[in-house]
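A look at the structure
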Amino acid sequence: MKWRYIKQNLFFGAVRLSALTITTAVVAILFYIFVNGISVISWDFLTLPPRDAMTKGGIMPAILGTVYLTSGAIIIALPLGVISAIYLNEYAKQGLVVRIIRVGVNCLAGVPSIVFGLFGLGLFVVFLQFGSCILSGALTLGFLILPTIIGASEEALKAVPQTFREASLALGVAKWQTIYRIVLPNALPGIMTGSILGIGRAAGETAPIMFTAAAFYTSKLPASIFDEVMALPYHIYVLATAGTHIEETRPIQYGTALMLVALVLGIDLIAIIIRSYIRRNRRW
Amino acid sequence: MVTIQDNCIIKVRNVDFYYGKFRALTDISMDFEKNRVTALIGPSGCGKSTLLRLLNRMNDLIDGSRVEGEVVFEGKNIYDQDIDPVEIRRRIGMVFQKPNPFPKSIFNNITYGPRLVGVRKKSDLEALVEQSLRQASLWDEAKDILGQSAMMLSGGQQQRVCIARALAMKPDVLLMDEPTSALDPISTAKIEELIEDLKKRYTIIIVTHNMQQAARISNYTGFFYLGKLIEYNPTEKIFTTPDVRQTEDYITGRFG
Ligand SMILES: Nc1ncnc2c1ncn2[C@@H]1O[C@H](COP(=O)(O)OP(=O)(O)OP(=O)(O)O)[C@@H](O)[C@H]1O
Ligand SMILES: [Mg+2]
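Residues numbered from 1 in each chain as written. Chains lettered and ligands numbered in written order. Predicted model: local features only at pLDDT ≥ 70, side-chain atom pairs only at ≥ 80, totals over all residues. Heavy atoms only, no water.

**Looking at the overall build of chain B**
In plain terms, the rule: Secondary structure counts use DSSP, requiring at least four H or I residues in a row for a helix and at least two E residues in a row for a strand, with both numbered from the N terminus. The classification of residues rests on relative accessible area computed with a 1.4 Å probe and restricted to protein chains. Under 20% of the type maximum is buried, over 50% is exposed, and intermediate values are partly exposed. Note on contacts: a residue pair qualifies if any of its non-hydrogen atoms lie within 4.5 Å across the two residues. Charged-residue counts in this description rest on Lys and Arg as positive and Asp and Glu as negative, His and the chain ends being excluded. Working definition for charges: the position is that of NZ of Lys, CZ of Arg, CG of Asp or CD of Glu.
Regarding its fold elements, chain B presents 10 helices and 10 strands. Its C-alpha atoms give chain B principal-axis dimensions of roughly 55 × 45 × 35 Å. For chain B, the residues scored as buried account for 56% of the 256 residues in total. When contacts within chain B are restricted to residue pairs at least 6 apart in sequence, those whose partners lie at least 24 apart make up 67%. Taking the average place of the 34 positive charges on the side chains of chain B and the average place of its 33 negative ones, the gap between the two points comes to 4 Å.

This is the structure in structure tokens:
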């Protein structure tokens, strides 16, 4: 066999191996959580609050809390992120200022999540006096996922062919209308992808909500955005580290983790379905 | 050089155009007659597209570009401070080299512009679609598939959708940048026929690399070289007894 083919096979082998490793890792983690967690999953587990010092009962307040926090984060970050991306990509003169903003956004993406937590604590909880509540947590998570959404939106906007913009402008359509009617609709699937990643990240983070929104335990459901909530990742963290029944509650911890994973995958699935639906209706 | 006395719709006066530091057009002065076809010819890179895009301010979109001189449309310089480029582009439509329909149905491609300027009634929109498609001689082929995506049509049909889309805005002038260069001979012939027909109502300025096409369809022809207007004369004169030697060399293919 020629050296060229050996090299090619080596390369393909390495590629396959990497793909295999990643897939195995994902499957192994999911499998492990599933096997350990499935035993506690029941209708009651999903619909009842915890009881007996959180060693029994369900996780309903935590599921609800995570749904609230995640939706809140998306509601805050999506418009802000998309509008920033539109500014950076469609309006701003490409130059030093824009480059500095982009670097800033990228740095933001690299900031550890605990720093976001402290920032949220300082700004929303203490300075603005929102207290530890859904609003503070959602804002903090919103900032956390902002870079992801800006990045994905910019990519999506860049992928819209320049000829579409030119065609619209040449008809005498104003720039903002061109963006609203032509550019945005065509960028939407890409923006959705970014939001999916953002949702996953927001739902799974513990550190940003630890000081800003998450309650150790509440059995009552939040009545407004100024109430504290339980949240799935924090609940896992609490049960696994802070209780007096750490070993005893292992199944509940795995069950909660399983729910968190299922929730994130469920949201992803919905977003993927919507995205492919939009794509299909675009026909190009 | 021709100077058009009456019936002049666009007057270009001493225009220089810069892409950053690079001067793409030098001291262009030329008049465009109403309801006539004017062809712009010249070797690649000589500035034909640049001039065309200057006439409806499409060059505004390019960062770092700059215009000097005047482009007078209906007695006003379109580069004056108080002129809205959006308004200019409504009056001076454009068809591009590569067909660029929107990823929408044929119907929505054509009604996209008119809807945004306030045509709302369904019957008005339908009438407009039929009228524009007829003018673009696409009606017979498209009337039964108006709901289909324009992206599914052939290149020649797509280009005619783009022409219909431009006409639906009821412009006075139609700028065409090599509208047939991506098309086969039959589609090309169709579009040439169409141009012949359209000049009754519109002023057409067309860039082309095809000498026969310029000779066939245009009333006036301007020959450009390296950003300068070398010769501008009635088409017949350019193609039989040009004033300038360079023009003759280019037309007869002896250029090099
Ligand atoms: N966006 C741009 N930025 C910088 N320079 C440009 C830009 N567009 C065109 N040019 C330059 O300006 C000159 C004229 O370009 P233009 O596109 O007007 O030529 P053209 O006559 O239309 O050529 P072709 O027949 O190939 O279409 C060329 O030298 C080109 O490199
Ligand atoms: Mg050109």
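So that's the structure; there's more coming.
**Focus: the side chain of Asn186 of chain A**
Residues and elements named next belong to chain A. Heads up, the condition is: Whenever a nitrogen or oxygen atom comes within 3.5 Å of another N or O atom, the pair is scored as a polar contact, on the condition that within protein one atom can donate a hydrogen and the other can accept it, and that pairs from neighbouring residues in sequence are kept only if both atoms are in side chains.
With respect to the helices and strands, Asn186 occurs in helix H8 (residues 175–204). On the basis of relative accessible area, Asn186 is assigned to the buried category, the value being 11%. Polar side-chain contacts of Asn186 include one of 2.7 Å to the backbone oxygen of Ile182.

**Re the layout of surface pockets**
Where we set the bar: Buried and open spaces are told apart on a 1 Å grid over the protein atoms alone, a cavity being a set of points where a 1.4 Å probe fits but cannot get out and a pocket being an open set with protein on both sides within 12 Å along at least five of seven lines. Residues with an atom within 4 Å of a point are the lining residues. Grid points are joined across faces, edges and corners, and a volume is the space filled by probe spheres set on the points. Under the grouping applied here, Gly and all other residues not named as nonpolar or charged are polar, the nonpolar ones being Ala, Val, Leu, Ile, Met, Phe, Trp, Tyr, Cys and Pro and the charged ones Asp, Glu, Lys and Arg.
For the largest pocket, the calculated volume is near 650 Å³. Along its surface, the largest pocket is lined by 21 residues, and Glu90 and Lys175 of chain A together with Asp60, Leu61 and Asp63 of chain B are the ones closest to its centre. Looking at which element gives the most residues to the lining of the largest pocket, the answer is H8 of chain A, with four residues. Counted by class, the lining of the largest pocket contains nine nonpolar, five polar and seven charged residues.

**Some points on the domain arrangement of chain A**
All names here are of chain A. Rules: Domain boundaries shown here were taken from an automatic or database domain assignment. Buried area: the accessible surface (1.4 Å probe) lost by two parts on joining, summed over both. The term salt bridge refers to a pairing of a side-chain nitrogen on Lys or Arg with a carboxyl oxygen on Asp or Glu at a separation within 4 Å.
Domain parsing of chain A yields domain 1 (1–40) and domain 2 (42–281). Spacing between the C-alpha centres of domain 1 and domain 2 amounts to 29 Å. Buried surface at the junction of domain 1 and domain 2, both sides included, amounts to about 740 Å², of which 80% is carbon and sulfur. Taken together, the links from domain 1 to domain 2 amount to zero salt bridges. Remark: the boundary between domain 1 and domain 2 carries two residue pairs in polar contact (both at pLDDT 80 or more). Taken together, the residues that form the side of domain 1 that touches domain 2 break down as six nonpolar, two polar and no charged.

**A look at the interface of chain A and chain B**
Across the contact, 21 residues belong to chain A and 27 residues belong to chain B. Interface area, chain A with chain B, both sides summed: about 2,000 Å², of which 65% is carbon and sulfur. The interface formed by chain A and chain B holds one salt bridge in total. Linking chain A with chain B are three residue pairs in polar contact (both at pLDDT 80 or more). Considering each element in turn, the side of chain A that touches chain B owes the most residues, seven residues, to helix H7 (residues 162–170) of chain A. Of the residues assigned to the side of chain A that touches chain B, the class counts are nine nonpolar, seven polar and five charged.

**Observations concerning empty space enclosed by the protein**
Taken as a whole and judged by the stated rule, the model has two cavities of 30 Å³ or more. By volume, the largest cavity is sized at about 40 Å³. Every element with two or more residues in the lining of the largest cavity is listed here: strand S6 (92–95) and helix H6 (155–167) of chain B. The biggest single contributor to the lining of the largest cavity is H6 of chain B, with three residues. Of the residues assigned to the lining of the largest cavity, the class counts are seven nonpolar, one polar and one charged. Of the volumes computed, that of the second largest cavity is approximately 30 Å³. Surrounding the second largest cavity, Thr66, Leu69, Thr70, Leu141, Ala202, Ala203, Glu205, Ile209 and Pro233 of chain A form its lining. For the lining of the second largest cavity, the secondary structure elements donating two or more residues are helix H3 (60–91) and H8 of chain A.

**Quick look at the nonpolar core**
Note the threshold: By nonpolar core we mean a set of buried residues, namely Ala, Val, Leu, Ile, Met, Phe, Trp, Tyr and Cys, connected to one another through side-chain atoms within 4.5 Å.
Ranked by size, the top nonpolar core spans 42 residues in total, and within it Ile106, Leu133, Ile163 and Ile204 of chain B carry the most contacts. Here the element with the most residues in this core is H6 of chain B; it accounts for five residues. If we ignore the near neighbours within four places in the chain, the residues touching Ile106 of chain B are Leu133, Ala142, Ile145, Leu146, Gln148, Ala150, Leu153 and Val161 of chain B. Membership of the second largest hydrophobic core comes to 36 residues, among which are Ala170 of chain A together with Ile9, Met58 and Tyr220 of chain B.

**Section: the sheet that holds strand S10 (residues 228–234) of chain B**
All names here are of chain B. Applied cut-off: Any two strands are treated as partners once DSSP identifies two or more bridges connecting them. Inter-axis angles, ranging from 0 to 180 degrees, are taken between N-to-C directions of lines fitted to C-alpha atoms, where helices are fitted over the stretch in contact.
Strand order across the open sheet formed by six strands is S6-S7-S8-S3-S9-S10, with mixed pairing between neighbours. Each edge of the open sheet carries a strand with a single partner, namely S6 and S10. Strand-to-strand twist of the sheet, defined as the mean angle between neighbouring strand axes without regard to direction, takes the value 15°. Relative to S10, strand S9 (residues 220–225) runs antiparallel, the two being bridged by six bridges. For Tyr225, the partnering residue across the bridge sits in S10 and is Lys228.

**A short note on the pairing of S10 of chain B**
On a regular strand, each side chain points to the face opposite its neighbour's, so the side chains alternate between the two faces of the sheet. The buried fraction of S10 of chain B amounts to five of the seven residues, a majority that puts the element mostly inside the structure. Between the end of S9 of chain B and the start of S10 of chain B, which pair antiparallel, lie two residues, with Leu226 of chain B showing a positive phi angle near 50°.

**A short note on the pattern of salt bridges**
Opposite charge on two side chains permits them to pair, given that their charged atoms come into close proximity. Taken as a whole and assessed by the stated rule, the structure comprises 23 salt bridges over all chains. Residue Arg36 of chain B pairs with Glu33 of chain B through a salt bridge whose shortest N-O separation is 3.8 Å. Ionic pairing is found between Arg245 of chain B and Asp249 of chain B, a salt bridge with its closest N-O pair at 3.4 Å. Pair noted here: Arg245 of chain B and Asp249 of chain B are both in helix H10 (residues 245–251), with a separation of four residues, about one helical turn. Take Asp249 of chain B: its relative accessible area is 16%, and that puts it in the buried class. Ionic contacts of the salt-bridge type, sharing partners, join the residues Arg102, Glu154 and Lys158 of chain A into one network.

**Notes on the sheet that holds strand S1 (residues 8–19) of chain B**
All names here are of chain B. A sheet is described by the order of its strands in space; here four strands give the open sequence S2-S1-S4-S5, paired in antiparallel fashion. Two strands in the sheet have a free side with no partner beyond their single neighbour: strand S2 (22–33) and strand S5 (76–77). Relative to S2, S1 is paired through eight bridges, and the arrangement is antiparallel. Paired with Cys8 across the two strands is Glu33, which belongs to S2. Against the sheet, helix H1 (residues 48–55) engages S1, S2 and strand S4 (65–73), with an angle of about 60° to S2.

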